[in-house]
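Fold and contact review
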Amino acid sequence: MKTLSVGKKGFLPSEAIEAEIDIDVKPIMNVLIILIPFLVSVAVYTNLAVIDMSLPPNVTAAAGAGPANQKPRLKITVLVAQTYCAITLGETLLDSIPRAGDEYPYDTLAARLLVRRAGADVKDEVIVAPRDRIHFRYVVRIMDACKKTGFEKVSLASATENPEGGR
Amino acid sequence: MNIHKKKFSGSGGITDIIKPQMTSLIDILTLLLVFLIQSFNAEGTLVTPSSDLELPLSSSKKQPGPSMMIEITRDAVVAEGKQLAANASFATSSDLLVQNVYSWLGQQKGRIAATAEPRQIIIQCDREIEFNIVKRVMYTCSKAGFTDFSVLVIEE
């Protein structure tokens, strides 16, 4: 096998280029064959992340601890039901967004939250309140939508299945 | 490049020298190498997800740190490889407090008090689990004095 040695056989450089030059690829192949199994073993194919959340502060405890005339500030709440999600402030329903097929319309929810956040007293905190039968992946998606809107703190609460029943 | 080259041997016979085409192979290996170097994570992973569950997808970028971990798989609530409660038991119970989880957290609280470990819990939860179960686990954690939670997700 010829190697890339220009001076061999008395060729001038220009003549050597014209002649068939075989580069010895064995060393690079050896390096690649050692390197690739190592990199395959340490490669990360799924990146893990976390979403921070907390429980909503106990309103009665907070009211008891603070001054008697100080009202607890209302926070925007996203209620997640099987067929819709709703944005509420206290007991006032601000928006109701129906579920579209298998997923909730997260972009629409984020857009509505952005509007509602602008007019809210508490702009950094939102409460997500899913009902019992809601799958956790939807809860995570809605928390994502809230974070995207600019709410730094997301609290997770539980929505009552039957508001009329008082539970 | 010819795959077979004829070479005249000293005795006048013809010997075939097989020369495989290496260029395309090296191209593939080089591309593979670049891809694998991109996937290489020098920091390592501090959190290992349980094999019994499928984590939900999220756009969150925050990296998990070392914390206590509770896993909610499709069948049970698990901590440190030990099953604390079966998910089926929640259907019949109206009590939000999960007694075994509460006892385990009590033990951990004592251990954490002696170290500088943060009082934060990472919840690994299967994506198809109903919120009813997550709610019970979170309630139990808060009763045991752990109020800061993180949910482990797969970054999109």
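Our subject is the structure listed above.
Right, let's walk through the structure included here. Because the structure is predicted, anything quoted here is derived from the model rather than measured. (Residues numbered from 1 in each chain as written. Chains lettered and ligands numbered in written order. Predicted model: local features only at pLDDT ≥ 70, side-chain atom pairs only at ≥ 80, totals over all residues. Heavy atoms only, no water.)

**Some thoughts on the interface of chain B and chain A**
Here is the rule we go by: Here, residues are in contact when the closest pair of their heavy atoms is within 4.5 Å. When two parts are brought into contact, each loses some accessible area as probed by a 1.4 Å sphere; the total of that loss over both is the buried area. Take a side-chain nitrogen of Lys or Arg and a carboxyl oxygen of Asp or Glu: if they are within 4 Å of each other, that pair is a salt bridge. Polar contact is defined as a pair of N or O atoms within 3.5 Å, subject to the rule that within protein one atom must be able to donate a hydrogen and the other to accept it, and that residues adjacent in sequence are counted only when both atoms are side-chain atoms.
Taken together, the contacts link 52 residues of chain B with 41 residues of chain A. Taken over both partners, the interface formed by chain B and chain A buries close to 4100 Å², and the fraction arising from carbon and sulfur atoms is 66%. Per-residue buried area on chain B facing chain A is highest for L36, F131 and V151 of chain B; these three make up 16% of the total on that side. Viewed at the interface, chain A and chain B are joined by five salt bridges. Taken together, the links from chain B to chain A amount to 22 residue pairs in polar contact (both at pLDDT 80 or more).

**Section: the environment of T92 of chain B**
All names here are of chain B. Rules: Numbering of helices and strands runs from the N terminus; a helix is a DSSP stretch of H or I covering at least four residues, while a strand is a stretch of E covering at least two. A 1.4 Å probe rolled over the protein chains alone gives each residue an accessible area, and that area as a share of the maximum for its type sets the label: buried under 20%, exposed over 50%, partly exposed in between.
Following the sequence through the fold, T92 ends up in helix α2 (residues 88–92). Residue T92 is classed as exposed on the basis of its relative accessible area of 73%. Only 3.0 Å separates the side chain of T92 from the backbone oxygen of S89, close enough to count as a polar contact.

**Brief notes about the pattern of salt bridges**
Pairing is possible between side chains of opposite charge, provided their charged atoms come close. According to the stated counting rule, one finds 15 salt bridges over all chains in the structure shown. The residue D95 of chain A makes a salt bridge to R112 of chain A at a minimum N-O spacing of 3.2 Å. Placement of D95 of chain A in strand β4 (residues 92–98) and of R112 of chain A in helix α4 (residues 106–118) is noted, with a sequence separation of 17 residues between them. Residue classification places D95 of chain A among the buried residues on the basis of a relative accessible area of 11%. In this structure, the salt-bridge partner of E155 of chain B is K61 of chain B, at a minimum N-O distance of 3.4 Å. One end of the pair, E155 of chain B, is in strand β8 (residues 148–155); the other, K61 of chain B, is in the loop between β3 (57–58) and β4 (68–72), and 94 residues separate them in sequence. Connected through salt bridges with shared partners, the residues R99, D102, E103 and R137 of chain A together with E128 of chain B form a single ionic network.

**Regarding the side chain of E71 of chain B**
All names here are of chain B. This is how the line gets drawn: Note that His is not counted, nor are the chain ends; the positive residues are Lys and Arg, and the negative ones are Asp and Glu.
For E71, the location among the structural elements is in strand β4. Put simply, E71 is tucked away with no salt bridge, and the nearest opposite charge, on R111, sits 13 Å away. A polar contact is formed between the side chain of E71 and the side chain of S50, at a distance of 3.5 Å. Residues contacting E71, with those up to four places away along its chain left out, are S50, L53, A76, V77, V78 and Q124.

Coordinates in, geometry out; function isn't part of it.
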